[in-house]
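Breakdown of the fold
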Amino acid sequence: MIRDETVKLDLKPAGGPSERPISIAIVAMGGQGGGVLTDWIVALAEGQGWIAQSTSVPGVAQRTGATIYYIEMMPAGLGGRRPILAQMPTPGDVDVVIASEYMEAGRSILRGIVTPDRTVLIASSHRTLAVTEKMAPGEGIADNGAVADAVHIAARRQIVFDMNAVAIDHGSVISAALFGALAASATLPFAREAFQGIIRQGGKGIQASLATFDAAFDRAMHGAPPSEPPSAAAAAKLPERLADRRADALLQTLRATLPQEAHDMAFLGLKKVVDFQDAAYGEEYLSRLADLHARDAAAGGTDHGFAFTVEAAKHLANAMVYDDLIRVARSKTRTARRDRIRTELGVRPEQIVRTTEYMHPRMEEFVSAMPAPLARWFLRHRRFYDWANRRIDKGRRVSTYSLRWFLALALLGAMRPTRRWSLRHQTETRHREDWLSAASAALQTNYALAVAILKFRRLIKGYSDTHVRSLSKFDKVMKTTQTIADRDDAAMWAGLLLSAAVKDASHDSLDGAIRTIETIR
């Protein structure tokens, strides 16, 4: 005889066998109000007499995985019995997925919790870059197109727009916009006023949250308002005249010496170099650019739309505007930066902002900012150099807007007039001229290759260790390209090298491309 030791409980169904809870999964990163949104939804359901339960599983680390909040809700059962609700989303059984960022919508699809027979996907189309995207030396941002294609296939219905922008426009946070989009989706059997009532129960920012909720609700219901076409004045980037006499002289020189195709790019470059140094530096930029344009014209640049001149206008400006201690210090103390921080944080006029930044300058940066003779003296006297290095080469947490640090940074930024005498400026100028000489030499035999060599400047950026690594990549790409410069397809290979170097932080892809080229030489 088999003993039956099964525990038997007198459990009766809370409702009919066809009843099932409404399930909502929220994926949000830290600081995006996922917990607030979860609390609002639970309070909404309970306020309508429903039973609701929420759980959360935090992400591993910043931007390597969002926190997953999961909510199930259903009406109270017969006799007030409470239903048993799940604690995690099950693939194929989620009614609503809310993603606070576009790539998190893609992650939700990969997890299988977005399905075409059941799920309404609500997602903000804005991006918060992942760590791997930020690590790329160049353009490492992932393609949104793959997510967009998957959304249209995987979800039964989707509500996608930039909810973060809606929140910023109304001085609130994205959770209020997501809540408004949820109300507009009609997946919950509650009136709009019930959603708004939950927001009104909050203690802070009620009016801004309500305005954001209403804007997102209307956007989800009716779509984006039609945008006005840009005016002719806004489209014209190159002004006819400038009020400042010296600036206007530079503008007229640009217009007289460069082709129409390069005007807009050269004007942007001119503004950049003048802001970096002074008007005389702008004259140097235009003079060097005019020389490159003359070479372009002699090489038949008219047939190519003066592509060489246009690329030179862009990358020559970037080469002349390099990152050094003076530029970094000046950028930290500019009013525009402080105003941008206040705007992005939504700081009210009466509030005080304090910023703490981590800085780790090296002795190399200090020496390179000195006048060249003094810098070389430091480099020759290693004992004194090492003594100073022990006091400078260390990390510091800098309170930028404290009197002490602001004055120190402002003083360093005020050294801009001495920059042309510095060792760093001499080094940058020599490297820049070598690069332009290589591009000009290629222009005589292979126009496309010359343009490709100009684009190599994209690889050089930053200062300190970042600058050293970028120079290493540049040198690798340039050296390899010069070994195949006599090939008709050299420009194509140069483009592949650049693409590999831009997206590759570890050099693995670049080294692989170089090994491939070595087999065809």
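Here we summarise the structure given alongside this text. All figures in this text were calculated on a predicted structure; none of them were measured in a lab.

1. As for unusual backbone geometry
Phi at alanine 186 takes a positive value of approximately 60°, unusual for a residue other than glycine. Look at phenylalanine 306: it is not a glycine, yet its phi comes out positive at around 50°. With respect to the helices and strands, phenylalanine 306 occurs in the loop between α12 (279–298) and α13 (307–320). Using a relative accessible area of 10% as the deciding quantity, one classes phenylalanine 306 as buried.

2. Topic: the side chain of histidine 315
Locating histidine 315 in the fold gives a position in helix α13. Beyond its immediate sequence surroundings of up to four residues, histidine 315 is in contact with Trp435, Leu454, Lys455, Arg457 and Arg458.

3. So, the packing of α13 against helix α20 (residues 423–443)
Where α13 contacts α20, the axes come no closer than 11 Å and their chain directions differ by 165°. On the basis of their axis angle, the class for α13 and α20 is roughly antiparallel. You can see that α13 and α20 cross each other, and the crossing is right-handed. Together, Phe308, His315, Leu316, Ala319 and Met320 of α13 and Glu428, Arg432, Trp435, Leu436, Ala439 and Leu443 of α20 make up the contact between the two elements. Class assignment for the residues of the contact of α13 with α20 results in eight nonpolar, one polar and two charged.

4. A few points about the packing of aromatic side chains
Per the counting criterion, the structure on display carries 13 aromatic pairs. Pairing tryptophan 50 with phenylalanine 190 gives two aromatic rings, centres 5.3 Å apart and planes at 80°, and the pair type is edge-to-face. Residue tryptophan 50 is found in strand β2 (residues 50–57), and its partner phenylalanine 190 is found in the loop between α6 (174–185) and α7 (192–200); the two are separated by 140 residues along the sequence. When sorted by exposure, tryptophan 50 lands in the same class as phenylalanine 190, which is buried. The ring of phenylalanine 217 has arginine 192 lying over it, and the distance from NZ or CZ to the ring centre is 4.0 Å. Over the aromatic face of phenylalanine 276 sits the side chain of arginine 419, whose NZ or CZ is 3.7 Å from the ring centroid.

Procedures and definitions
- Residues numbered from 1 in each chain as written.
- Predicted model: local features only at pLDDT ≥ 70, side-chain atom pairs only at ≥ 80, totals over all residues.
- Heavy atoms only, no water.
- Helix = DSSP H or I, 4+ residues; strand = E, 2+ residues; numbered from the N terminus.
- Buried < 20%, exposed > 50% of the residue type's maximum accessible area, 1.4 Å probe, protein only.
- Contact = heavy atoms within 4.5 Å.
- Axes fitted to C-alpha atoms, helices over the stretch in contact; angles between N-to-C directions.
- Parallel < 35°, antiparallel > 145°, perpendicular 65-115°, else oblique.
- Left-handed = near helix turned anticlockwise from the far one by under 90°.
- Nonpolar A, V, L, I, M, F, W, Y, C, P; charged D, E, K, R; others polar.
- Phe/Tyr/Trp six-rings, centres within 6.5 Å; stacked < 30°, edge-to-face > 60°.
- Lys NZ or Arg CZ within 6 Å of the ring centre and 35° of its normal.

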